[in-house]
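# Report on the structure
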Amino acid sequence: MMTKVRGLILKVNKLSENDALFTVLCEDMKKITLISKGIRSLKHKDFAAMQAFCYNEFELKGNGGFFSVSSASIINNFYNIRTSVDKVSFATYFAEVAKVASEFLEEDNEYFRFLLNCLYFIENAEKKSDDVLTELKRIKAIFELKTVAKAGFEPYLDVCTKCQSTQNLEYFDVYNGGVICNKCSSEYCVPVYEKLIKFFDFILHKDLKTVFNTSNITSELIDDANTISEKYLSAKLEYYFKSLDTLKKISYGENEIVNNT
């Protein structure tokens, strides 16, 4: 039986000299595994389409979540991501996050479109800012917070998550799920400040299309946002993202590597 689906290639695994396995996220946020024989040959008719980050229409044979590829037609290959090692490292991390988050987001086509938008903004980061790395970090913070919120773990930003006080909310508690006051803070909490909380609030309450329209955001604020958003995402999804360590090694430099736990 032939099946047609649209999906994004999240990961490519070499099977043999010529064959490969592909993890694909479909538009309904279901993950499927594809096998393609001979696809590693440059002469294969679908070689260009069967690359990481390609959004394709597939013709498939099989069932039960495991299929062989009959054909693949490119809808968007996000080609310019491949022109930068930094862009590839961010896109690879986003793909791993989406793979894990899909367990919480089945049938959420809106989130799938958001993921495609994130890849588009990664691909075109230099058009937004001359400081490409800072722009990629801005996209990352938006992606992480939106993902964790859509998965059902939106953080509290206006009340202490322990005592419900609305005063002196100067810390963020990754494990308790939001801001925390001075009295309830511990050594594991991360300091926050008004502009950072407002940035988080903007991200969480804008829709998935307009959330990228941030302005007057400093690189320091973006770095602070990333510190919290990546830890919060990892804690709530209960997953250690190896691709985040790789991203930091490639794009941030050895001295900035911090385990995402």
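Residues numbered from 1 in each chain as written. Predicted model: local features only at pLDDT ≥ 70, side-chain atom pairs only at ≥ 80, totals over all residues. Heavy atoms only, no water.

Another aspect to go through is the overall build of the chain. Regarding its fold elements, the chain presents seven helices and eight strands. For the chain, the C-alpha radius of gyration of 20 Å lies close to 18 Å, the compact-globule estimate for 261 residues. Dimensions of the chain, computed from C-alpha atoms along their principal axes, come out at roughly 65 × 40 × 30 Å. The buried share among the 261 residues of the chain stands at 49%. Looking at the chain alone, contacts between residues at least 24 apart form 58% of all its contacts between residues at least 6 apart. Accessible surface for the chain amounts to roughly 13,000 Å². Of this, 48% is attributable to carbon and sulfur atoms. (Helix = DSSP H or I, 4+ residues; strand = E, 2+ residues; numbered from the N terminus. Rg over C-alpha atoms; globule rule 2.2 N^0.38 Å. Buried < 20%, exposed > 50% of the residue type's maximum accessible area, 1.4 Å probe, protein only. Contact = heavy atoms within 4.5 Å. Areas by Shrake-Rupley, 256 points an atom, 1.4 Å probe, with all protein chains shown as cover.)

Further remarks concern the packing of aromatic side chains. In the structure shown here, the tally under the stated rule is 14 aromatic pairs. Aromatic pair Y93 and F241: ring centres 5.9 Å apart, planes at 85°, arrangement edge-to-face. Placement of Y93 in helix α1 (residues 85–101) and of F241 in the loop between α6 (219–237) and α7 (242–252) is noted, with a sequence separation of 148 residues between them. Across the pair, F241 and Y93 agree in class, each one buried. Taken together through their ring pairs, the aromatic side chains of Y93, F94, Y111, F114, Y120, F121, F143, F212, Y239 and F241 make up a single cluster. (Phe/Tyr/Trp six-rings, centres within 6.5 Å; stacked < 30°, edge-to-face > 60°.)

To continue, consider α1. The terminal C-alpha atoms of α1 lie 24 Å apart, and with 17 residues this matches the ideal 24 Å at 1.5 Å per residue to within 8%. Most of α1 sits inside the fold, with 12 of its 17 residues counted as buried. Listed as buried for α1 are K87, S89, F90, A91, Y93, F94, A95, E96, V97, A98, V100 and A101. For α1, the side-chain oxygen to backbone nitrogen distance between the N-cap and D86 is 3.2 Å, and the N-cap itself is S84. (Expected span 1.5 Å × (residues − 1). Polar contact = N/O pair within 3.5 Å; in protein donor to acceptor, adjacent residues only side chain to side chain.)

Within the secondary structure, A235 sits in helix α6. The exposure class assigned to A235 is partly exposed, which follows from its relative accessible area of 22%. Expressed as a C-alpha distance, the spacing of A235 and D108, which sit 127 residues apart in the sequence, is 22 Å. Discounting chain neighbours no more than four positions away, the residues touching A235 are V174 and Y175.

This part covers the nonpolar core. Core analysis: the biggest nonpolar cluster contains 67 residues, and L8, F114 and I122 have the highest contact counts within it. Residue contributions to this core peak at nine residues, all from α1. Other than its neighbours up to four places away in sequence, F114 contacts I142, F143, K146, T147, L208, V211 and F212. Formed by 17 residues, the second largest nonpolar core is a distinct cluster that contains A20, V24, F67 and A72. (Core = buried A, V, L, I, M, F, W, Y, C linked by side-chain atoms within 4.5 Å.)

Along the chain, the position of K31 falls in strand β3 (residues 31–36). For K31, a relative accessible area of 30% corresponds to the partly exposed category. Once the C-alpha coordinates of K31 and E103 are considered, the two residues, 72 residues apart in sequence, prove to be 8.9 Å apart. Those residues in contact with K31 that lie beyond four places of it in its chain are V24, L25, K99, S102 and E103. A polar side-chain atom of K31 sits 3.1 Å from a polar atom in the side chain of S102. Within polar-contact distance, the side chain of K31 engages the side chain of E103 at 2.5 Å.

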